[in-house]
Amino acid sequence: MHSKKQISHDECQETADWLMSQTKHRPQVAIICGSGLGMLADTLKCQVSFAYSDIPGFPQSTVQGHAGRLVFGELKEKTCVCMQGRFHMYEGHSLSKTTFPVRVFKLLGVETLIVTNAAGSLADDLQPGDIMIIKDHVNFPGLVGLNPLSGPNNDEFGPRFPAMSGCYDKGLRCLAMEIAKQQGIASLMQEGVYAMVGGPNFETIAEAKLLYRLGVDAVGMSTAPEVVVAAHCGLRVFGLSLITNKVVKSYEDSDSVSHEGVLSASQLRSHTVQQLVIDLIGRMEINNSKTTNNAV
Ligand SMILES: O=P(O)(O)O[C@H]1O[C@H](CO)[C@@H](O)[C@H]1O
Ligand SMILES: Nc1nc2[nH]cnc2c(=O)[nH]1
């Protein structure tokens, strides 16, 4: 399952070329929507969308709440591409497949990647409905060698040993907090550390206690591989976790988490997340110039 075989630069290029032959949109910003957060894609103007099953080389989404569509369009004068549904390691995709879209985005000319996810909170002061700006992550699968960059390095994308110390852009984190204050939602927001675990089961109480002691603020089953690959190829990254549940970390607590609960909690706040992301895209500066906007 976790084959070391990397998807080659040529294979990524083939998919990018196919997409560029199907739409004149040339995205500057890519957005990966977390569980239940796919409605963000519906806000794009002049939309052109593709089912993942129609895109050469693309894996399929198998998780409820991940529609499986790639949507191109305009948002606040910027050209965007939005993944309505991401790929997770636990679905059985290799990590190279899981992160394949990120490299395709790079080849499409994307400069900034926005990742969103639904996550459980460990921090005492993060409640369901809160939004955590990801300032750093712990990539548990990566720490034991389940890393999308394992295998021969693809020098065309980036170096063998990429630094990860600044992988969540500080300027965008500050801008998001400023926007949250202006939108009156600052009380819902704080920065924190996201940990990726392999899933698909949720945490045992002992695992939850361990994560808590390690200083992890929120936990989920995605995002870190995408961010590692994005940082490797020089994309600027911004990440948000929508807190959908408290992780049960006491044997006295009879609460239990479910994916259905995660989806309904994320839908309750999806509009707030949307507004934040829309304004962030509107206010962020992009270095590469826009090549097209009005044609589909
Ligand atoms: O990380 P996203 O895709 O938002 O999804 C989160 O929600 C699912 C569990 O309910 C897991 O896939 C977890 O990673
Ligand atoms: N691992 C994990 N992933 C989640 N995604 C949403 N909530 C959770 C959670 O509590 N744990």
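Residues numbered from 1 in each chain as written. Chains lettered and ligands numbered in written order. Predicted model: local features only at pLDDT ≥ 70, side-chain atom pairs only at ≥ 80, totals over all residues.

- The protein has the name Purine nucleoside phosphorylase in an unreviewed UniProt entry, where Monopterus albus is given as its organism.
- The UniProt entry for the protein carries the following comment under Subunit (unreviewed entry): "Homotrimer."
- Taken verbatim from the UniProt record of the protein, the Sequence similarities (unreviewed entry) comment is "Belongs to the PNP/MTAP phosphorylase family." (UniProt positions renumbered as here; feature names shortened; annotations may be inferred.)

Structural notes on the overall build of the protein
Here comes step 1: Counting its regular elements, the protein contains 8 helices and 9 strands.
Here comes step 2: Computed over the C-alpha atoms, the radius of gyration of the protein is 18 Å, within 12% of the 19 Å expected from 2.2 N^0.38 for a compact globule of 296 residues.
Here comes step 3: Its C-alpha atoms give the protein principal-axis dimensions of roughly 55 × 45 × 35 Å.
Here comes step 4: Sequence separation of 24 or more characterises 84% of the internal contacts of the protein that already satisfy a separation of 6 or more. (Helix = DSSP H or I, 4+ residues; strand = E, 2+ residues; numbered from the N terminus. Rg over C-alpha atoms; globule rule 2.2 N^0.38 Å. Contact = placed C-beta atoms within 7 Å.)

Remarks on the site of ligand 2
Here comes step 1: In the vicinity of ligand 2 there are 15 residues, among which A118, G120, V219, G220 and V262 approach most closely.
Here comes step 2: Elements represented by at least two residues in the shell around ligand 2 include exactly β5 (112-121), β8 (218-220) and β9 (236-246).
Here comes step 3: Broken down by element, the shell around ligand 2 gets its largest block of residues, 3 residues, from β5.
Here comes step 4: In terms of residue class, the shell around ligand 2 is built from 9 nonpolar, 5 polar and 1 charged. (Near = placed C-beta within 6 Å. Nonpolar A, V, L, I, M, F, W, Y, C, P; charged D, E, K, R; others polar.)

Side note on the nonpolar core
Here comes step 1: By size, the foremost hydrophobic cluster in this structure holds 78 residues, and its most contacted members are I31, C82, L113 and V237.
Here comes step 2: The element contributing the most residues to this core is helix α8 (residues 259-283), with 7 residues. (Core = buried A, V, L, I, M, F, W, Y, C linked by C-beta atoms within 7 Å. Buried ≥ 20, exposed ≤ 12 C-beta atoms within 10 Å, placed from the backbone.)

Some details on the site of ligand 1
Here comes step 1: Around ligand 1 sit 13 residues in total, of which G34, S35, N117, M221 and S222 are the nearest.
Here comes step 2: Listing elements by their share of the shell around ligand 1, those giving two or more residues are β5 and α8.
Here comes step 3: For the shell around ligand 1, a count of residues per class yields 4 nonpolar, 8 polar and 1 charged.

Notes on the UniProt feature "binding site: phosphate" (unreviewed entry) in the protein
Here comes step 1: When the UniProt feature table is mapped to this numbering, "binding site: phosphate" (unreviewed entry) covers S35, H66, R86, F87, H88, A118 and S222. For this annotated set, covering 188 residues, all C-alpha atoms fall within 13.7 Å of each other, a compact arrangement in space.
Here comes step 2: Relative to the assigned elements, S35 resides in the loop between β1 (29-32) and β2 (45-51).
Here comes step 3: Note on S35: 27 C-beta atoms within 10 Å, which makes it buried.
Here comes step 4: Other than its neighbours up to four places away in sequence, S35 contacts G65, H66, A118, V262, L263 and S266.
Here comes step 5: Relative to the helices and strands, A118 is located in strand β5.
Here comes step 6: When sequence neighbours within four positions are dropped, the list of residues in contact with A118 reads G34, S35, G36, G220, L242, T244, V262 and S266.

Here's the deal with the pairing of strand β7 (residues 189-196)
Here comes step 1: Summarising burial for β7: 6 of the 8 residues are buried, a large majority.
Here comes step 2: As paired strands, strand β6 (residues 131-139) and β7 are joined by 8 bridges and run parallel to one another. Each residue of the ladder has a partner; that of N139, found in β7, is M196.
Here comes step 3: Two strands pair when backbone bridges link them, and β7 and β8 are joined in this way by 3 bridges, in the parallel orientation. In the sheet register, Y194 faces β8, and the bridge partner there is A218.
Here comes step 4: In this region the chain leaves β7, passes through helix α6 (residues 205-214) and returns to the parallel neighbour β8; the handedness of that crossover is right-handed. (Pairing = 2+ DSSP bridges. Right-handed = clockwise from strand over helix to strand, strands pointing away.)

So, the UniProt feature "domain: Nucleoside phosphorylase" (unreviewed entry) in the protein
Here comes step 1: UniProt annotation of "domain: Nucleoside phosphorylase" (unreviewed entry) refers to residues 29-281 when read in the numbering used here.
Here comes step 2: Between the first and last C-alpha atoms of residues 29-281 the distance is 8 Å; the span itself is 29% helix and 26% strand.

Quick notes on the environment of Y90
Here comes step 1: Of note, Y90 is situated in the loop between β4 (78-84) and α2 (95-98).
Here comes step 2: Taking the C-alpha atoms as reference points, Y90 and N201, 111 residues apart in sequence, are found 9.3 Å from one another.

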